[in-house]
Amino acid sequence: MSARTAGFGAVALAAFALLALVPRLGNPYYLALAISLLQYTVLATAWGMFSGPTRYVSLATTAFFGVGAYTVAVLGEILPWPLVLLIAAALGAVVAAIVGLSTLRLSGVYFVIFTFGLTELIRQLVVWFEVNKSRVLGRYVFVNITQADIYWQLLALTAAVFLLGWLIARSRLGFALRVIGEDETVAKHCGINTTFAKVALFTISATVMTLVGAIMAPRWTYIEPSIAFNAMISFQVLIMALLGGAHRLWGPVLGAVPLTLLFELLSARFPNTFTIILGCIFLLIVYMLPRGVAGLLEKLSTTAGGKTTQRAAA
Amino acid sequence: MTNAILTGLMLGGMYALIAMGLTLQYGVARIMNLSYGEFLIAAAFASHWLFTGWAVSPFVGLALVVPLAFVLNFAIYKLLLTPLVRRAPNRDALEVDSILATFGLTFVIQGSMLALFGGAYYSYSFLAFPVQFLGETVAANRLAALGITILLGLALYAALTRTRAGTAVRAVAVDPFAAQLVAINVPQASALTFALGGALVAAAGVLVSTFLTFSASSGVVFTMKALIVVVMGGVGNMLGCLVAGLALGLSEALVASYVDPGLTLAVNFALFLAVLLVKPAGLFGRATR
């Protein structure tokens, strides 16, 4: 087991080292595409980290992404970059903890409804604050961060997220979450502090999303609430994680990569009917692949390799 | 003060009307319909098209749009949602599946309306003259809409409590399994109730279009408001719908006129959370959900 883990770790390390060379290719289009791919990979994986085991459907990805982006817009020029990232992460964690504590005790559907409106709520509060207190709507972001820097930061975050997810899955917290996902009442009777487990993971997942927003912010030179809190991101991340399969750590990547490429293509070719196509893809995924690509792969591997064991069991 | 309260009551009445259909769909058919607001906007566009293109009064428009919406929603339930109902092992799974499916539907409808009508705001002038009401000046179209809302609400309440079919629907809402044991055709009742909810939201859309400007992408706002009202009032509860709708409208109007119009959504959410934290099943919901 440990040899297998070490081998897997070495392969992953080599893959990340290779990926780190992408900006050296010198092609700005591929770099931009790679940034989009990493952005959605991290967001979808973070989404799956919380929603996969607990089966709480969160529509609040944009809320945290926007908090991160706005932190950079406000503080980016004043403070050194690492400190800005740290503050963004802390803000995201605080917001997530508050939201989690007040909503996660509620039944699943109420949680969906609340997160559905959370982005809009935070956007309205930011607009209200900007108009009434700072008297500007929209800010310029002038920080000394290149596209390659954004890429490397996202790559580092991707590595961190996978390592974190791997560690959580092997910890008591991960086990507690799987029990909650199976049956919350049973989990409570087993003495699992369900509220703590859910809030903890929700906060971790949201902090990662906030960091993605902060890292991506220098990509725009001008930020206003409707850009930072673009609700479309929540939806796209949800679809990607579902297509890939949110019940596995590596599942969401399988959805994030093909769909990012597809969205890139569609929004360039069919800007007017993009929304309709998005909806149709979504419906197809819900009806055809209820457990995502990861679920399909597992089914295929068990039917291919598990025939003898099945017969033995029968 | 009277003006703010009157505005709040009219707004609240509208919210109650908008949420009535959703509370039926979610309470009885167990479909958490996230594309609800899109149906409202579609009806508003239909009414706009009938009025500006064919000079059909929205009151006549109601008689055309509402039956059409009923048939359309019945077809949607049969074609799109029945497979999910069959697939779901339990109620929670159906709720999550229905959220995801109607979420996809949202994009399809919204995208179609964007392609047809563009992103511009639409409105038309119907009964747009002031009248005196309780010593205050209000717009006639709002007053007419409120009147029809009250009529619709009373009719629905009577249908649910006084008729055999209504009793069957309420039985399904309480316990779908036990309802089958007393010879109620649960799938049929669910489909019909879902369609009835769709007809109600279409009526709301026609009425709202007479006094509000709307655009192809404003459906989400109505979905949000309807969800908040439904959950606050207690799922499937008509009286709760009315009380929660009025509370929401009143608080919004008071905050808009005395605090800041930019904070109305924040107030909505604060109210929503406050109610859920105190009474997780809603104001009039049963404790075991």
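Preceding this section is the structure that the text describes.
Notes on the structure follow. Being a predicted model, the structure only gives us computed values, none of them experimental.

Details of the nonpolar core
Among the nonpolar cores identified, the biggest contains 186 residues, and L238 of chain A together with I18, F103 and F272 of chain B are the most heavily contacted of them. When residues no more than four places from it in sequence are discounted, the contact partners of L238 of chain A are W47, V57, S58, L59 and F282 of chain A together with L100 and F103 of chain B.

What to know about the pattern of salt bridges
Enumeration over the complete set of coordinates arrives at four salt bridges over all chains. In this structure, E120 of chain A engages R123 of chain A in a salt bridge whose closest nitrogen and oxygen atoms are separated by 2.7 Å. Here R123 of chain A and E120 of chain A lie together in helix α5 (residues 108–134), a separation of three residues that amounts to about one turn. The exposure class assigned to E120 of chain A is partly exposed, which follows from its relative accessible area of 33%. Among the ionic pairs, R87 of chain B bridges to D97 of chain B, the shortest N-O distance being 3.0 Å. Of this pair, R87 of chain B sits in helix α3 (residues 58–87) while D97 of chain B sits in helix α4 (residues 91–117); the two residues are ten residues apart in sequence, bridging distant segments of the chain. You can call R87 of chain B partly exposed: its relative accessible area is 32%. When its relative accessible area of 13% is taken as the criterion, D97 of chain B is described as buried.

A few points about α3 of chain B
If you check α3 of chain B, its first and last C-alpha atoms are 40 Å apart, about what 30 residues at 1.5 Å a residue would give, namely 44 Å. In the structure, α3 of chain B departs most strongly from a straight axis at L81 of chain B, where the bend amounts to approximately 50 degrees and where the proline P83 of chain B lies between one and four residues downstream. Buried residues of α3 of chain B: P58, G61, L62, V65, A69, N73, I76, Y77, L81, T82 and L84 of chain B, and no others. Looking at the buried residues of α3 of chain B, the elements they touch are α13 (274–288) of chain A together with α1 (2–27), α2 (36–54), α4, α5 (140–162) and α8 (186–209) of chain B.

Observations regarding the layout of surface pockets
Reported here for the second largest pocket is a volume of approximately 1200 Å³. Lining of the second largest pocket is provided by 43 residues; of these, E120 of chain A together with S217, S218, V220 and V221 of chain B occupy positions nearest its centre. For the lining of the second largest pocket, the elements supplying multiple residues, two or more each, are α5 and α11 (232–244) of chain A together with α1, α4, α9 (219–233), α10 (238–258) and α11 (264–278) of chain B. Per element, the largest residue contribution to the lining of the second largest pocket is seven residues, and it comes from α5 of chain A. Tallied by class, residues from the lining of the second largest pocket come to 23 nonpolar, 16 polar and four charged.

Observations concerning the pairing of strand β2 (residues 136–139) of chain B
Residue and element names in this part refer to chain B. What you see with β2 is a clean split: E136 and V138 sit on the buried side and T137 and A139 on the side with no burial. Where strand β1 (residues 130–133) and β2 come together, four bridges link them in antiparallel fashion. In the sheet register, F133 faces β2, and the bridge partner there is E136.

Structural notes on empty space enclosed by the protein
Leftover empty space is mapped by rolling, across the atoms, a probe with the size of a water molecule. For the structure on display, the rule yields two cavities of 30 Å³ or more. Counted as a void, the largest cavity has a volume near 70 Å³. Considering the residues around the largest cavity, the lining is formed by M10, G13, M14, L17, R142, A145, L146, T149, L207 and F211 of chain B. In terms of residue class, the lining of the largest cavity is built from seven nonpolar, two polar and one charged. Looking at the second largest cavity, its volume works out to about 50 Å³. Lining the second largest cavity are W47, F50, S51, S58, F64, F202, S205, A206 and M209 of chain A. Counting residues per element, the lining of the second largest cavity draws most heavily on helix α9 (residues 194–216) of chain A, at four residues. Split by residue class, the lining of the second largest cavity holds six nonpolar, three polar and no charged.

Here we look at the packing of helix α2 (residues 28–54) of chain A against α11 of chain A
Residue and element names in this part refer to chain A. Interhelical geometry of α2 versus α11 gives an angle of 70 degrees and a closest axis separation of 9 Å. Taken together, the axes of α2 and α11 lie roughly perpendicular to each other. Contacts from Y40, L43, A44 and W47 of α2 reach α11 at I233, Q236, V237, L238, M240 and A241. In the contact of α2 with α11, the residues fall into nine nonpolar, one polar and no charged.

Overview of the environment of A20 of chain A
All names here are of chain A. Assignment of secondary structure puts A20 in the loop between α1 (2–19) and α2. On a C-alpha basis, the gap between A20 and A156 in space is 9.1 Å, while along the polypeptide they are 136 residues apart. The contact partners of A20, leaving out residues within four places of it in the chain, are Y151, W152 and L155.

Describing the interface of chain B and chain A
Counting residues at the interface gives 43 residues for chain B and 35 residues for chain A. Summed over both sides, the interface of chain B with chain A buries roughly 3300 Å², with 80% coming from carbon and sulfur. Counting every contact that joins chain B to chain A gives zero salt bridges. At the boundary of chain B and chain A, one finds three residue pairs in polar contact (both at pLDDT 80 or more). At the level of secondary structure, the elements contributing two or more residues to the side of chain B that touches chain A comprise α3, α4, α9 and α11 of chain B. Class assignment for the residues of the side of chain B that touches chain A results in 31 nonpolar, seven polar and five charged.

What counts and what doesn't
Residues numbered from 1 in each chain as written. Chains lettered and ligands numbered in written order. Predicted model: local features only at pLDDT ≥ 70, side-chain atom pairs only at ≥ 80, totals over all residues. Heavy atoms only, no water. Core = buried A, V, L, I, M, F, W, Y, C linked by side-chain atoms within 4.5 Å. Buried < 20%, exposed > 50% of the residue type's maximum accessible area, 1.4 Å probe, protein only. Contact = heavy atoms within 4.5 Å. Salt bridge = Lys/Arg side-chain N within 4 Å of Asp/Glu carboxyl O. Helix = DSSP H or I, 4+ residues; strand = E, 2+ residues; numbered from the N terminus. Expected span 1.5 Å × (residues − 1). Bend = angle between axes of the 7 residues up to and from the residue. 1 Å grid on protein atoms, 1.4 Å probe; cavity = no way out; pocket = protein on both sides within 12 Å on 5 of 7 lines; lining within 4 Å. Points joined across faces, edges and corners; volume = space filled by probe spheres on them. Nonpolar A, V, L, I, M, F, W, Y, C, P; charged D, E, K, R; others polar. Pairing = 2+ DSSP bridges. Axes fitted to C-alpha atoms, helices over the stretch in contact; angles between N-to-C directions. Parallel < 35°, antiparallel > 145°, perpendicular 65-115°, else oblique. Buried area = accessible area lost by both parts, 1.4 Å probe. Polar contact = N/O pair within 3.5 Å; in protein donor to acceptor, adjacent residues only side chain to side chain.

Keep in mind these numbers describe shape, not what the thing actually does.
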